[in-house]
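Letter by letter, the chains look like this.
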Amino acid sequence: MINFDKLLDALENDGYYIEENVLDDDFVKDLKNEFLVRKLDMSHIGKDKNKNSEIRNDHISWLTENETSPAIQKYQKFLNTISNTINNAFYLGLNNVEAHFAKYEKGNFYKKHKDSFKNNNSRLITVISYLNEDWKKEDNGILRIYKNEHDYIDVEPKKGTVVCFLSEKIEHEVLPSNNTRYSITSWMRKDKL
Ligand code: OGA
Ligand code: NI
């Protein structure tokens, strides 16, 4: 389980938090097995497909409210616990969680971006978990988190690592992956009711 004290501290002070070995090996295996049997969609669907695929070219599968897999249900509970904890600490009014599996094939990337902009949509908190066993330096696929314009921190997408950051504040990118790269990305939102 994630260290909530450190998470809250880091979000408040830095806007991002990284912890390794949050998800244990069996949990990661079960999630990965669920992932492998799902049908994935292009992430870059939208008005301008060609342009969008220059920004990102991974494939995704959204988690739903009706997941039957115990591993996925357990992961959704984990996300709800994080959301509730952040709400209780910061009164953000988070009232919705969305999550998708993401698969980056060799050569896939996601250029520098923010997950939401002020006054645009309701994503406030991003949480990403990685499911990659035996990830090596040369596999790259680094998540680069920008602390500011000049300074960044690199995260290897190793199994069990969880990253959390403020969606409106933190710019980040996925460097081209040299191996198949599996993750679950999620957003905690404040939707108008
Ligand atoms: C995203 C994203 C990063 C990652 O989906 O918005 O930035 O490491 N993902 O998968
Ligand atoms: Ni992102």
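To be clear, the structure that these remarks concern was listed above.
What you see is a predicted model; the values in this text were computed from it and never measured.

S.K.: Is there a simple way to think about the environment of Ala 102 in this case?
M.R.: Position of Ala 102 relative to the elements: it lies in strand 4 (residues 96-104). Here the alpha-carbon distance between Ala 102 and Glu 171, two residues 69 residues apart in the chain, equals 19 Å.

S.K.: What is the right way to read the sheet that holds strand 6 (residues 123-130) from this model?
M.R.: Two strands in a sheet stick together by hydrogen bonds in their backbones, pointing the same way (parallel) or opposite ways (antiparallel). Read across the open sheet, the 7 strands follow the order 1-9-6-11-4-3-2; overall the sheet is antiparallel. Two strands close off the open sheet at either side, each with one partner strand: strand 1 (16-19) and strand 2 (41-42). In the packing of helix 1 (residues 4-13) onto the sheet, contacts are made with strand 1, strand 6 and strand 9 (162-166), and the angle to strand 1 comes to roughly 145°. Each of strand 4 and strand 11 (181-189) is contacted by helix 2 (residues 25-36), which is oriented at about 95° to strand 11, the strand it contacts most.

S.K.: Explain the environment of Asn 66 here, please?
M.R.: Its place among the elements puts Asn 66 in the loop between strand 3 (59-62) and helix 4 (70-90). When the C-alpha positions of Asn 66 and Lys 169 are compared, they lie 31 Å apart, and in sequence the two are 103 residues distant.

S.K.: Please explain the site of ligand 1 as it appears in this structure.
M.R.: Within the structure, ligand 1 sits among Tyr 110, His 113, Asp 115, Ile 128, Tyr 130, Leu 143, His 172, Val 174, Arg 181, Ser 183, Thr 185 and Trp 187. In this structure, Asp 115 approaches ligand 1 through a side-chain N or O atom, which is 3.0 Å from an oxygen atom. Measuring from an oxygen atom of ligand 1, one finds a side-chain N or O atom of Arg 181 at 2.8 Å. For the shell around ligand 1, the secondary-structure elements that each account for two or more residues are strand 5 (110-113), strand 6, strand 10 (172-174) and strand 11. No other element matches the 4 residues that strand 11 contributes to the shell around ligand 1.

S.K.: Before we go on, may I ask you to explain the environment of Lys 77 in this structure?
M.R.: For Lys 77, the location among the structural elements is in helix 4. By relative accessible area, which is 61% here, Lys 77 ends up exposed. Distance in space between the C-alpha atoms of Lys 77 and Val 97 is 10 Å, their sequence separation being 20 residues.

S.K.: Before we go on, may I ask you to explain helix 4 in this structure?
M.R.: One turn of the α-helix equals 3.6 residues, which is why residues spaced by three or four share an orientation. Along its 21 residues, helix 4 runs 30 Å from first to last C-alpha, staying within 8% of the 30 Å computed at 1.5 Å per residue. Those residues of helix 4 lying buried are Ala 71, Ile 72, Tyr 75, Phe 78, Leu 79, Ile 82, Ser 83, Thr 85, Ile 86 and Asn 87. The inward-facing, buried residues of helix 4 abut helix 1, helix 2, strand 4, strand 6, strand 9 and strand 11. Positive phi shows up at Tyr 91, right after helix 4, with a value of about 50°.

S.K.: Would you take a moment to explain helix 1 for this structure?
M.R.: For helix 1, the set of buried residues is Leu 7, Leu 8, Ala 10 and Leu 11. When helix 1 is viewed along its axis, its buried side chains cluster within an angular range of 165° and face the same direction. Exposed residues on helix 1 whose side chains face more than 90 degrees from its buried face are Asp 5, Glu 12 and Asn 13. The secondary structure elements touched by the buried residues of helix 1 are strand 1, helix 4, strand 6 and strand 9. The N-cap residue of helix 1 is Asn 3: its side-chain oxygen and the backbone nitrogen of Asp 5 are 3.2 Å apart. At the C-terminal side of helix 1, Gly 15 shows a positive phi close to 90°.

Thresholds, definitions, all that
- Residues numbered from 1 in each chain as written.
- Chains lettered and ligands numbered in written order.
- Predicted model: local features only at pLDDT ≥ 70, side-chain atom pairs only at ≥ 80, totals over all residues.
- Heavy atoms only, no water.
- Helix = DSSP H or I, 4+ residues; strand = E, 2+ residues; numbered from the N terminus.
- Pairing = 2+ DSSP bridges.
- Contact = heavy atoms within 4.5 Å.
- Axes fitted to C-alpha atoms, helices over the stretch in contact; angles between N-to-C directions.
- Near = heavy atom within 4 Å.
- Polar contact = N/O pair within 3.5 Å; in protein donor to acceptor, adjacent residues only side chain to side chain.
- Buried < 20%, exposed > 50% of the residue type's maximum accessible area, 1.4 Å probe, protein only.
- Expected span 1.5 Å × (residues − 1).
- Arc of directions from axis to C-beta.

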